[in-house]
Amino acid sequence: MASAAITLAADAPTLSSANTGFMLICSALVMLMTPGLAFFYGGMVRVKSTLNMLMMSFISLGIVTILWVLYGFSMAFGTDSGSLIGWNSDWVGLSNIGLTQLWDGYTIPIFVFLVFQLMFAIITPALISGALADRVKFTAWALFIALWATVVYFPVAHWVWGAGGWAFELGVIDFAGGTAVHINAGAAALGVILVIGKRVGFKKDPMRPHSLPLVMLGAGLLWFGWFGFNAGSWLGNDDGVGALMFVNTQVATAAAMLAWLIYEKIRHGAFTTLGAASGAVAGLVAITPAGGAVSPLGAIAVGAIAGLLCAMAVGLKYKLGYDDSLDVVGVHLVGGVVGSLLIGFFASGKGQSEVEGLFYGGGLDQFWKQCAGVFAVLAYSLVVSAILAFILDKTIGMRVPEDDEVAGIDQAEHAETAYDFSGAGGGAARTASPAPVAAAASKKVDA
C-alpha cells in the first residue's frame, strides 16, 4: 500500500511554470477579443450607433467579471448537481483557493483556469449585441447580460465543460466553445430579436457599415486573439494537441475567408472587405469546436463549408423577416452548428481523442452525440433568452423611443458622438484666398 501511495504521489501533476505562463498569455489574448469584437461591430453599424455598439461589448467586461467572482465560476465548474449545474461554496467570491492549488488533473493553478474561462464568459453575451444594434436601451442590455449569464451561460458551460455535465458525460466534443459560446450566443440573439422586433427602416433605409477599416481592424484582432481562445483550451502545451489546434485555427479561417469571397464574387460580382472579414470570423467560429479533433485537411473542409453556408445564411433575414442587424445568427449560430456537426464526419481519431468520424470509419455515433449537444443548447438558449427579453420588455422596456433610434442612439443613451466634426473646415485656406473667392466659398459653406 505504501508503495502504491508513493507511485500515485509521483504521478500527480505538479505546477508547470511553462503551462501557467502560456495560459496567462492565452487569457490575455481572449480578453483582447472583446475589444476586437467591439471594433468589428462598431464599424459595421451606422455612424450614429458606433459608441453604443462599442459600449455593448465593453460593459460585458465589467458585469460578467463581477458575477464570475461572486458565483459564476462556482456554477459553471463546481461540483455537479443533476448533470445540469455546478456549485462549490469554497469558490464563492473566489475564497479558499490556494495560490498554487492546481486545477484537477492539470499543471496550472485554479486561478489561471478560472481567469481563462472568465474571458469566454465575457465575450459570449457580447456576441449577442451585434444582432440588437441601433435599438436597445443600455440599462436594459446591462440587466439582460447579468440575467442571461446567470441562467443561460453558466449552466450551459457546465453542461459542456464541467465534470458531470450531461453533454460532457455524453461525449459531445466541443474543444473551445462551438456550443457553449457560438450556438449559445447565436440562438440567444435570435430569441431576443424575435421579441423586440425590427429596426426602424429595416429593408427600406440603407444601413451600410460606416467604417470598413474599423471592421477589418476588429476582424484582425479577433483572428489574433482566437489563437489564445482555441489553442489555450487544451490548458497546456505538453502533447501537441494545442499546437494542432493553433494550426487548424489558421487553416480553417483562411479557407472560410476564401470560400466566402468566391461565393460573394459569383453571387454579387465583387470581393468585398466586409465579406473577407465576415468569412474569416465564420471560419474561426466553425473550427472552434472541431479543431482538436480534425486534421489540417479536415480543417480546410470545415472552414470552406462554413464560409459557404454562412455566406448563404446571412441573407435569410431578408427572406424570413427577422432583423439580425450584424449577422450574429448567420455567422455565429450557423457557423457553430456547422463546425460542431462536422466533427461527426471529419474527426480523425489522432487529435484530442481517438474518436473517429464517418469519413474515418467511425460511423455516425459521434454525429448523433454532436446533434444532441447542438440542438439542446440551441433550444434552451433560444427559449430562455426570448423569455428574458419578454420580461424586460414588459417591465422596464427593451427598446429606445423611435425618435431616439432615428436621431441616433449614441446621443440618446451616452450623450456622445463617435466623431466630432465641429473643428473640421478649411478656415486657413479661405483666409489665404483672395477676398471675392473667400466670400464665395463662405456662401457655399453656409448653404
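Residues numbered from 1 in each chain as written. Predicted model: local features only at pLDDT ≥ 70, side-chain atom pairs only at ≥ 80, totals over all residues. Heavy atoms only, no water.

## With respect to the pattern of salt bridges
Enumeration over the complete set of coordinates arrives at 6 salt bridges. Notably, a salt bridge pairs Asp134 with Arg199, separated by 3.5 Å at the nearest N-O pair. Within this pair, whereas Asp134 is found in the loop between helix 4 (110-128) and helix 5 (138-161), its partner Arg199 is found in the loop between helix 7 (178-196) and helix 8 (212-231), the two being separated by 65 residues in sequence. Notably, a salt bridge pairs Arg199 with Asp323, separated by 2.8 Å at the nearest N-O pair. Within this pair, whereas Arg199 is found in the loop between helix 7 and helix 8, its partner Asp323 is found in the loop between helix 12 (316-320) and helix 13 (328-346), the two being separated by 124 residues in sequence. Residue Asp323 is classed as buried on the basis of its relative accessible area, which comes to 1%. Each of Arg46, Asp134, Arg199 and Asp323 takes part in a single network of salt bridges with overlapping partners. (Salt bridge = Lys/Arg side-chain N within 4 Å of Asp/Glu carboxyl O. Helix = DSSP H or I, 4+ residues; strand = E, 2+ residues; numbered from the N terminus. Buried < 20%, exposed > 50% of the residue type's maximum accessible area, 1.4 Å probe, protein only.)

## Let's talk about the nonpolar core
Ranked by internal contacts, the top residues of the largest apolar core, which has 112 residues, are Phe73 and Leu132. The leading source of residues in this core is helix 5, at 16 residues. Contact partners of Leu132, with chain neighbours within four places excluded, come to Met56, Trp141, Val192, Ile193, Ile196 and Ser325. Listed in part, the 15 residues of the second largest apolar core include Ile173, Ala293, Val338 and Ala347. (Core = buried A, V, L, I, M, F, W, Y, C linked by side-chain atoms within 4.5 Å. Contact = heavy atoms within 4.5 Å.)

## Description of a nonpolar patch on the surface
Taken together, the side chains of Leu358, Phe359, Tyr360, Leu364 and Trp368 present a nonpolar region at the surface, about 510 Å² in accessible area. Relative to the helices and strands, Trp368 is located in helix 14 (residues 365-395). (Patch = residues over 30% accessible without salt bridge, like charges linked within 9 Å, V, L, I, M, F, W, Y side chains within 5 Å. Areas by Shrake-Rupley, 256 points an atom, 1.4 Å probe, with all protein chains shown as cover.)

## Regarding the packing of helix 10 (residues 273-290) against helix 11 (residues 296-313)
Two elements in contact, helix 10 and helix 11, have axes whose closest approach is 8 Å; the angle formed by their N-to-C orientations is 125°. Our classification of the angle between helix 10 and helix 11 gives oblique. Two packed elements cross with a definite hand, and for helix 10 against helix 11 that hand is right-handed. Contact residues: Ala282, Ala286 and Ile287 in helix 10; Ala299, Val302, Ala306 and Cys310 in helix 11. Here the contact of helix 10 with helix 11 is composed, by residue class, of 7 nonpolar, no polar and no charged. (Axes fitted to C-alpha atoms, helices over the stretch in contact; angles between N-to-C directions. Parallel < 35°, antiparallel > 145°, perpendicular 65-115°, else oblique. Left-handed = near helix turned anticlockwise from the far one by under 90°. Nonpolar A, V, L, I, M, F, W, Y, C, P; charged D, E, K, R; others polar.)

## With respect to the packing of aromatic side chains
Counting across every chain of the model gives 29 aromatic pairs. Ring geometry for Trp68 against Phe73: centres 5.8 Å apart, planes inclined by 55°, an arrangement best described as tilted. Both residues of the pair, Trp68 and Phe73, belong to the buried class. Aromatic pair Phe346 and Phe359: ring centres 5.2 Å apart, planes at 80°, arrangement edge-to-face. Of this pair, Phe346 sits in helix 13 while Phe359 sits in the loop between helix 13 and helix 14, placing them 13 residues apart in sequence. For Phe359, a relative accessible area of 53% translates into the label exposed. Through a chain of ring-to-ring contacts, the aromatic side chains of Trp68, Tyr71, Phe73, Phe77, Trp91, Trp103, Phe113, Trp148, Tyr153 and Phe154 assemble into a single cluster. (Phe/Tyr/Trp six-rings, centres within 6.5 Å; stacked < 30°, edge-to-face > 60°.)

## Re the side chain of Arg135
Tracing the backbone shows Arg135 in the loop between helix 4 and helix 5. No salt bridge is formed by the buried Arg135, whose closest oppositely charged neighbour, Asp323, lies at an N-O distance of 4.1 Å. A distance of 3.1 Å separates a polar side-chain atom of Arg135 from the backbone oxygen of Gly197. Apart from residues lying up to four places away in sequence, Arg135 is in contact with Ile193, Ile196, Gly197, Lys198, Arg199, Asp323, Ser325, Met398, Arg399, Val400, Glu405 and Ile409. (Lys, Arg positive; Asp, Glu negative; His and termini not counted. Polar contact = N/O pair within 3.5 Å; in protein donor to acceptor, adjacent residues only side chain to side chain.)

## Things to note about the side chain of Ser385
Its place among the elements puts Ser385 in helix 14. Of note is the side chain of Ser385, whose polar atom sits 2.9 Å from the side chain of Trp148.

## Quick notes on the confidence of the model for the protein
On average, residues of the protein score 92 in pLDDT, and 92% of them reach the 70 mark or higher. Below pLDDT 50 for its whole length, residues 1-9 participates in 0 contacts with residues either more than four positions away or in separate chains. Under a pLDDT of 50 for its full length, residues 427-447 has, in the predicted model, 5 contacts with residues more than four places off or in other chains. (pLDDT = per-residue confidence, 0-100.)

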